[in-house]
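Okay, here's what each chain looks like letter by letter:
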Amino acid sequence: MYGKSICSSHAQEFHASQAEGRFDDYLRGWIGVSKSYPHGIVHFAPAVSMEQFDCGFDALQMFARLEGVNEDTIVRGFCTMPEQRMGDLLPSSL
């Protein structure tokens, strides 16, 4: 759901999507832009754990191919790292 018309929780949206598995089996977070993040931000919430590293890295590679994502897009919540530029995490993908 987008904008100010949010009418359900993430768990409800997951259930409505009829995706396989459990809600907690999936990486979650949000992507957006703001005055503080003019080049965008990918925020994993909860943070990607070291056990989820491969899935998190795959997600970053997928996001790197999206229009509007560039080397200055910020990644937050990736394992134990502080906020990082996408270009520092995936220099050859951008």
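Relevant structure appears above.
Looking at this structure, I do not really get helix H2 (residues 53-64). What am I missing?
The α-helix winds at 3.6 residues per turn, so residues separated by three or four positions along the chain end up facing the same way. Look at H2: 16 Å from first C-alpha to last across 12 residues, which is about the 16 Å you get at 1.5 Å a residue. For H2, the set of buried residues is Gly-56, Ala-59, Leu-60, Phe-63 and Ala-64. Projected down its long axis, H2 carries its buried residues within an arc of 140°, all on one side. Among the exposed residues of H2, those oriented more than 90 degrees off its buried face are Asp-54 and Cys-55. Packed against the buried residues of H2 are strand E1 (29-32), strand E2 (41-48), strand E3 (74-78) and helix H3 (86-89).

How do you make sense of the pattern of salt bridges when you look at a structure like this?
Between side chains of opposite charge, pairing is possible as soon as their charged atoms come close. Under the definition given, this model contains 5 salt bridges. Arg-28 is the partner of Asp-24 in a salt bridge, and the nearest nitrogen-oxygen pair spans 3.4 Å. What makes Arg-28 partly exposed here is its relative accessible area of 24%. A salt bridge links Asp-72 to Arg-85; its shortest N-O distance comes to 3.0 Å. Here Asp-72 is found in the loop between H2 and E3, whereas its partner Arg-85 is found in strand E4 (residues 84-85), with 13 residues between them in sequence. Using a relative accessible area of 30% as the deciding quantity, one classes Arg-85 as partly exposed. A network of salt bridges, in which partner residues are shared, links Asp-72, Arg-85 and Asp-88.

Would you mind going over the side chain of Thr-73 with me for this structure?
With respect to the helices and strands, Thr-73 occurs in the loop between H2 and E3. Excluding its chain neighbours within four sequence positions, the residues that come into contact with Thr-73 are His-39, Gly-40, Ile-41, Val-42, Gly-68, Gln-84, Arg-85 and Met-86.

What counts, and where the lines are drawn
Residues numbered from 1 in each chain as written. Predicted model: local features only at pLDDT ≥ 70, side-chain atom pairs only at ≥ 80, totals over all residues. Heavy atoms only, no water. Helix = DSSP H or I, 4+ residues; strand = E, 2+ residues; numbered from the N terminus. Expected span 1.5 Å × (residues − 1). Buried < 20%, exposed > 50% of the residue type's maximum accessible area, 1.4 Å probe, protein only. Arc of directions from axis to C-beta. Contact = heavy atoms within 4.5 Å. Salt bridge = Lys/Arg side-chain N within 4 Å of Asp/Glu carboxyl O.

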